[in-house]
Amino acid sequence: MNVVFAVKQYISKMIEDSGPGMKVLLMDKETTGIVSMVYTQSEILQKEVYLFERIDSQNREIMKHLKAICFLRPTKENVDYMIQELRRPKYTIYFIYFSNVISKSDVKSLAEADEQEVVAEVQEFYGDYIAVNPHLFSLNILGCCQGRNWDPAQLSRTTQGLTALLLSLKKCPMIRYQLSSEAAKRLAECVKQVITKEYELFEFRRTEVPPLLLILDRCDDAITPLLNQWTYQAMVHELLGINNNRIDLSRVPGISKDLREVVLSAENDEFYANNMYLNFAEIGSNIKNLMEDFQKKKPKEQQKLESIADMKAFVENYPQFKKMSGTVSKHVTVVGELSRLVSERNLLEVSEVEQELACQNDHSSALQLVSAVVEYGGKRVRGSDLFSPKDAVAITKQFLKGLKGVENVYTQHQPFLHETLDHLIKGRLKENLYPYLGPSTLRDRPQDIIVFVIGGATYEEALTVYNLNRTTPGVRIVLGGTTVHNTKSFLEEVLASGLHSRSKESSQVTSRSASRR
């Protein structure tokens, strides 16, 4: 199960099916992001796609020598744009692909608008999600719930994204959900309704052990998104922010023009692919090794490389190296900025939650956020015991584990998802906490598992899934979420839920009642 490969296959097939000749790729805002995650512009140019356009762009030129490959989400807005396009076609022929199920009435409307008979084909290709890593996908939705309940529009979008994911991986799963979350139960029901309604699409070859979809709620672990990260990909997202593989470095002191925005993609960057799950100290060491290898080949260009600053100076002083290895110079810049931020914020000395509070100018608003996080994911709403172990023996073992090496001090935390998946893989996940939707005779341990987190997943959880895939033979896990969080976006999610204002009102009521006493 590889979500990057699944989406890439769809896009390759679109381009190949249009035949030889010059092409334009016509997309909407969301599909532009979907495509950019799995293909670089230069890769698509090699496939005779010479122009990239947005369907909502008002100033597109008429280019009758181009074929149009249209990749769009099946929204009412996009269908309307497509109808307008077909009434006044700008290109010679149109191959239309929708990223999800489209209604028969919309297809009929498109057919009626095609008076000049320029449409060669209309198909559904289910790449309706952001493929972040081979085992991680996102829907880029921030603020999916209002209180404990779904925002109706986001429930619809999430259902579409999740069913597209299942179709792209050719899985018709059993469904389990977190019982303590009404939002998880509601999403499970919506996905099941689509599978039932579109049963012909889900008629895949049956496997001996059916795949499993497990729907969880971020509320069950409000701790993981708040913790500072020390592996490369997660650390970059925490300190710099990753948006569809792009990192904004424009605020970095002394940054050169060509590095103000960089792309980190494991598909097109070998160094990143090999280092994204390694810890921070190992990244710097690996960059140093690459530079020293270069120096061995160029004896005249010896220079001490004892720090990140030395590496940055080396890149600047030797244009030949920069030309040979633009990728490495990019990572030197990123790692240099991470080092600066770690030092500036004393991140080795304090926890991420404490640091977030220390960086706030208005401490009273930060303290209100603490009560909001408790309201969002406190003991009252969790379906499980997040803060185990309780017994003294287990606590002592955890302390000893942390003392084995300095790196363990920073990486000893494991997301609650690890325990959940461990129990699931071993067939020990309690049905009274994570029931099946509908009757189930399944008792075999699942092999293909799709986990979806309402309220957003994290890169630390993605690392957990990566390691489980690597160390558990016969088990394949894909993780998805409404978004991929860092601390900043998670706190925005909490605020967007509206629980912040509720907890504020609750504290005011408590203080008033206390004053009356």
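In this text the structure is predicted, and so the values were computed from the model without any measurement.

With respect to the secondary-structure elements, threonine 92 resides in the loop between α4 (76–87) and β4 (93–98). On the accessibility criterion, threonine 92 (40% relative accessible area) is partly exposed. Considered as a pair, threonine 92 and glutamate 117 are 25 residues apart in the sequence and their alpha carbons are 10.0 Å apart. Not counting residues within four places of it along the chain, the set of residues in contact with threonine 92 comprises Met63, Lys64, Leu66, Lys67 and Val118.

The buried fraction of strand β11 (residues 212–217) amounts to six of the six residues, a majority that puts the element mostly inside the structure. Taking every second residue as pointing to the same face, both faces of β11 are buried, with Leu212, Leu214 and Leu216 on one and Leu213, Ile215 and Asp217 on the other. Following the chain from strand β10 (residues 174–177) across helix α7 (residues 182–197) to the adjacent parallel β11, one finds a crossover that is left-handed. Where β11 and strand β14 (residues 448–454) come together, six bridges link them in parallel fashion. Looking at the pairing, leucine 214 lines up with valine 451 of β14.

All right, on to the packing of aromatic side chains then. Counted under the stated rule, the structure contains eight aromatic pairs. With 5.2 Å between their ring centres and 25° between their planes, tyrosine 10 and phenylalanine 125 make a pair best called stacked. With tyrosine 10 in helix α1 (residues 3–17) and phenylalanine 125 in the loop between β5 (119–124) and β6 (130–133), this residue pair connects regions lying 115 residues apart in the sequence. Residue tyrosine 10 shares its accessibility class with phenylalanine 125, and that shared class is buried. Through a chain of ring-to-ring contacts, the aromatic side chains of Tyr10, Tyr97 and Phe125 assemble into a single cluster. The residue whose ring lies beneath lysine 8 is tyrosine 39, and the NZ or CZ to ring-centre distance is 5.1 Å. Cation over ring: arginine 176 sits above tyrosine 436, and NZ or CZ is 4.6 Å from the ring centre.

It is worth spelling out the packing of helix α6 (residues 152–168) against α7 at this point. Interhelical geometry of α6 versus α7 gives an angle of 55° and a closest axis separation of 10 Å. Viewed along their axes, α6 and α7 adopt a mutual orientation that is oblique. As α6 packs across α7, the resulting crossing turns out to be right-handed. Residues Leu155, Thr158, Thr159, Leu162, Thr163 and Leu166 of α6 form the contact with α7, whose own contacting residues are Arg186, Leu187, Cys190, Val191, Val194 and Ile195. Residues that form the contact of α6 with α7 fall into these classes: eight nonpolar, three polar and one charged.

Thresholds, definitions, all that
- Residues numbered from 1 in each chain as written.
- Predicted model: local features only at pLDDT ≥ 70, side-chain atom pairs only at ≥ 80, totals over all residues.
- Heavy atoms only, no water.
- Helix = DSSP H or I, 4+ residues; strand = E, 2+ residues; numbered from the N terminus.
- Buried < 20%, exposed > 50% of the residue type's maximum accessible area, 1.4 Å probe, protein only.
- Contact = heavy atoms within 4.5 Å.
- Right-handed = clockwise from strand over helix to strand, strands pointing away.
- Pairing = 2+ DSSP bridges.
- Phe/Tyr/Trp six-rings, centres within 6.5 Å; stacked < 30°, edge-to-face > 60°.
- Lys NZ or Arg CZ within 6 Å of the ring centre and 35° of its normal.
- Axes fitted to C-alpha atoms, helices over the stretch in contact; angles between N-to-C directions.
- Parallel < 35°, antiparallel > 145°, perpendicular 65-115°, else oblique.
- Left-handed = near helix turned anticlockwise from the far one by under 90°.
- Nonpolar A, V, L, I, M, F, W, Y, C, P; charged D, E, K, R; others polar.

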